[in-house]
Amino acid sequence: MEAAGPALLTSPASADLPEFNADCPGCRALAAQVAVLTARIEQLEARLNQNSQNSSRPPSADGPAAPKPPPKERPSGRHRGGQPGHRGAKRDLKPLEMVAEVVEEVPTHCAHCQTPLPTGKTPADPPPLRHQVTEVPPIVCITTEYRLHARTCPTCCRRTWADLPAGVPRGVVGPRLQAVCSLLTGGYGLSRRSTQELVRDLLGEALSLGTLSSLEAATAAALSAPYQAVAQAVAEAERVNADETRWFEAHRLTWLWLAATDRLSLFRLDASRSREAFERLLPKRAAEQRRTVTSDRYSAYCHLVRDEWQICWGHLQREFTGWAESTGWAAALGKTALAATRRVFARWHQYRAGELSHAAMALYLQPVKERFRTLFQEAVASGHWRVEGPARHLLKHFESLWTFTRVEGVEPTNNHAERALRRGVLWRKRSFGHQSESGRAFVERLLTVVGSLRLQGRNVLAYLEAACRAALTGSGPPSLLPHPAG
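Residues numbered from 1 in each chain as written. Predicted model: local features only at pLDDT ≥ 70, side-chain atom pairs only at ≥ 80, totals over all residues. Heavy atoms only, no water.

Caption draft 1: Region of the structure containing the state of the cysteines. Inspection of every chain in the model, using the stated rule, returns zero disulfides. No disulfide involves Cys110; its sulfur sits 3.7 Å from that of Cys113, the nearest cysteine. In this structure Cys110 comes out as buried when scored by relative accessible area, which is 18%. (Disulfide = S-S within 2.5 Å. Buried < 20%, exposed > 50% of the residue type's maximum accessible area, 1.4 Å probe, protein only.)

Caption draft 2: Representation of the environment of Asn241. Structurally, Asn241 is set in strand β3 (residues 239-249). Discounting chain neighbours no more than four positions away, the residues touching Asn241 are Leu258, Ala259, Ala260, Thr294, Thr413, Asn414, His416 and Ala417. Looking at Asn241, its side chain comes within polar contact range of the side chain of Asn414, at 3.0 Å. (Helix = DSSP H or I, 4+ residues; strand = E, 2+ residues; numbered from the N terminus. Contact = heavy atoms within 4.5 Å. Polar contact = N/O pair within 3.5 Å; in protein donor to acceptor, adjacent residues only side chain to side chain.)

Caption draft 3: Spotlight on the sheet that holds strand β7 (residues 309-311). Strand order in this open sheet of five strands is β5-β4-β3-β6-β7, and the pairing throughout is mixed. Looking along the sheet, the strands with just one partner apiece sit at the ends: β5 (265-270) and β7. This sheet shows a mean twist of 30° between the axes of neighbouring strands, independent of strand direction. Across the sheet, helix α15 (residues 437-456) touches β3, β4 (252-260) and β5, and the angle it forms with β5 is around 160°. (Pairing = 2+ DSSP bridges. Axes fitted to C-alpha atoms, helices over the stretch in contact; angles between N-to-C directions.)

Caption draft 4: Spotlight on the environment of Leu202. Turning to its location among the elements, Leu202 is positioned in helix α5 (residues 192-203). Put simply, Leu202 and Cys141 are 61 residues apart on the chain and 9.6 Å apart in space, counted from C-alpha to C-alpha.

Caption draft 5: Fine view of the side chain of Asn414. Tracing the chain through its elements places Asn414 in the loop between α13 (403-406) and α14 (415-430). With residues up to four places along the chain from it excluded, the contact list for Asn414 reads Asn241, Ala242, Asp243, Thr294, Ser295, Asp296 and Cys312.

Caption draft 6: Just the pairing of strand β6 (residues 292-295), in detail. The two faces of β6 match: Thr292 and Thr294 on one face and Val293 and Ser295 on the other face are all buried. Where β3 lies against β6, three bridges are found, and the strand directions are parallel. Residue pairing across strands places Val240 opposite Val293, the latter belonging to β6. As paired strands, β6 and β7 are joined by three bridges and run parallel to one another.

Caption draft 7: Molecular detail of the packing of helix α9 (residues 313-324) against helix α11 (residues 358-382). Packing of α9 against α11 leaves a shortest axis separation of 15 Å and a crossing angle of 45°. Between α9 and α11, the crossing angle belongs to the class labelled oblique. Note on packing geometry: the crossing formed by α9 with α11 is left-handed. On α11, the residues touching Trp313, Phe320 and Trp323 of α9 are Phe372, Leu375 and Phe376. When grouped by side-chain class, the residues that make up the contact of α9 with α11 number six nonpolar, no polar and no charged. (Parallel < 35°, antiparallel > 145°, perpendicular 65-115°, else oblique. Left-handed = near helix turned anticlockwise from the far one by under 90°. Nonpolar A, V, L, I, M, F, W, Y, C, P; charged D, E, K, R; others polar.)

Caption draft 8: Molecular detail of the nonpolar core. Counting residues in each nonpolar core, the largest one holds 80 residues, and the members touching the most others are Trp313, Phe320, Phe372 and Phe376. The element that contributes the greatest number of residues to this core is helix α10 (residues 328-352), accounting for nine residues. Beyond its immediate chain neighbours, meaning those up to four positions away, Phe320 contacts Trp313, Gly334, Ala337, Leu338, Thr341, Phe372, Phe376 and Leu394. Of all hydrophobic cores here, the second largest spans nine residues; its members include Val173, Leu177, Val199 and Leu207. (Core = buried A, V, L, I, M, F, W, Y, C linked by side-chain atoms within 4.5 Å.)

Caption draft 9: Summary view of the confidence of the model for the protein. In this model, the protein carries a mean pLDDT of 86, and residues with pLDDT of at least 70 account for 87%. Note that pLDDT drops below 50 for residues 1-15; the model gives that stretch two contacts with residues more than four away or on any other chain. (pLDDT = per-residue confidence, 0-100.)

Caption draft 10: Examining α15 more closely. Along its 20 residues, α15 runs 29 Å from first to last C-alpha, staying within 8% of the 28 Å computed at 1.5 Å per residue. Counting buried residues along α15, 16 of its 20 residues qualify, which places the element largely inside the surrounding structure. (Expected span 1.5 Å × (residues − 1).)

Caption draft 11: Just the pattern of salt bridges, in detail. On inspection of all chains with the given rule, the structure shows 22 salt bridges. Residue Arg192 pairs with Glu216 through a salt bridge whose shortest N-O separation is 2.8 Å. Of this pair, Arg192 sits in helix α5 while Glu216 sits in helix α6 (residues 209-222), and the two are 24 residues apart along the sequence. When its relative accessible area of 37% is taken as the criterion, Arg192 is described as partly exposed. (Salt bridge = Lys/Arg side-chain N within 4 Å of Asp/Glu carboxyl O.)

Caption draft 12: Representation of α11 in the model. Compared with an ideal rise of 1.5 Å per residue, which puts 25 residues at 36 Å, α11 spans 35 Å between its outermost C-alpha atoms and is within 8% of the ideal. Largest kink in α11: about 40°, centred on Gln366, with the proline Pro367 one to four residues after it. Listed as buried for α11 are His358, Met361, Leu365, Val368, Lys369, Phe372, Leu375, Phe376, Ala379 and Val380. Contacts made by the buried residues of α11 are with α9, α10, α12 (388-396) and α13. Backbone geometry just after α11 places Gly383 at a positive phi near 75°. (Bend = angle between axes of the 7 residues up to and from the residue.)

Caption draft 13: Structural detail: the pairing of β3. Across the 11 residues that make up β3, a large majority, eight, are buried. For β3 and β4, the ladder comprises nine bridges, and the chain directions are antiparallel. Directly across from Asn241, in β4, lies its bridge partner Ala260. Counting the residues in the hairpin turn of β3 and β4 gives two residues, including Ala250, whose phi is positive at 50°.

Take a look at the structure:
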């Protein structure tokens, strides 16, 4: 049996439809309605076909049918692994002062004729071959018992109890174990239950989930002053990358904001995704204090003008890809914009490689800049739903596309912030956010500590232990700011 669809398309009724008459009001109204519905269908199809290559959607949101990014290099046809002539990498021997035990093995019989060998070294014997094996010993948490004695006063007969020594916590967990637990949950991405199991299996210590929650609150309190110092340093920086992502506070939607410099990452949770929330992250500065913020084109950043803002070209490239995948004028404009974008990145990479000076890069990009101005003007004039609005917005903030050509040290993309924010995104995906004020502080401060120390190449566990010990002794916490030499 034939399908009904084709029969309907070729039915006599469709052949009897009147031809379009431009003078007929009904025909004109029908044509206008068809044009509106056609544009609406294109918009819905474009939204349905959005992926990480043609929009701001993250790669984790791509479905199985999403196109895969092209390989960076063509396959060479060689097998995996080291190639002939490759200089192999080997592990260097540790110096003797880092070796816990040296075991001397001396042969007793000749391997060829079984003759007994002398026990002492002779001049004919070469130096011994050295072989080192690294092992983890059985780890057992060290428990120290403090016995607080009491004495009775012979004069007033009142009893006095001894106090705990300075630096000894009132709870059952010491500062290093506290730092380990906080790092496992806030740095390495383990849930509290997984942290509980790891501490039990690896360290042989049983901790309740409530104890882990209390340790997180204590760690957050110990990091208060370093966190504030980072917030001040980032607010005073001349170049900052900013981004934001969704978060959950007691199952309510909130936002995790990030402001990052080359050595610091500041995270802040806010109930809003507005300009006011951004200014709570990065307070306004005086007019003479210059600061450039690199970000995407979200509305919270659109109050920034000219050199105050660098619009991310990575986001623009994905948006131009969406134009190119559209229809009509939009497709042609998108392909032209993508070709011009490749020229922008080519010159930038030449500058980064030291092949061009900053002034030369700006000079070479001047024709590309004017080409983009003309292209955006054509996009506005086209009236196409896909390109008119974005092009109008880009013309309004046109100079902020090229801040990197005027201000040295500013990059054309926001990749730095997106990489730093990824740790928060992964935390959100594996948890339900936070439930309390202490949980909020733990998220903000642990993300700030781990992100900043990773950028500086410093040991996170050593820092957390020092901060927890400082909180117990009442001394100043260690600084999160980069060392002067670093």
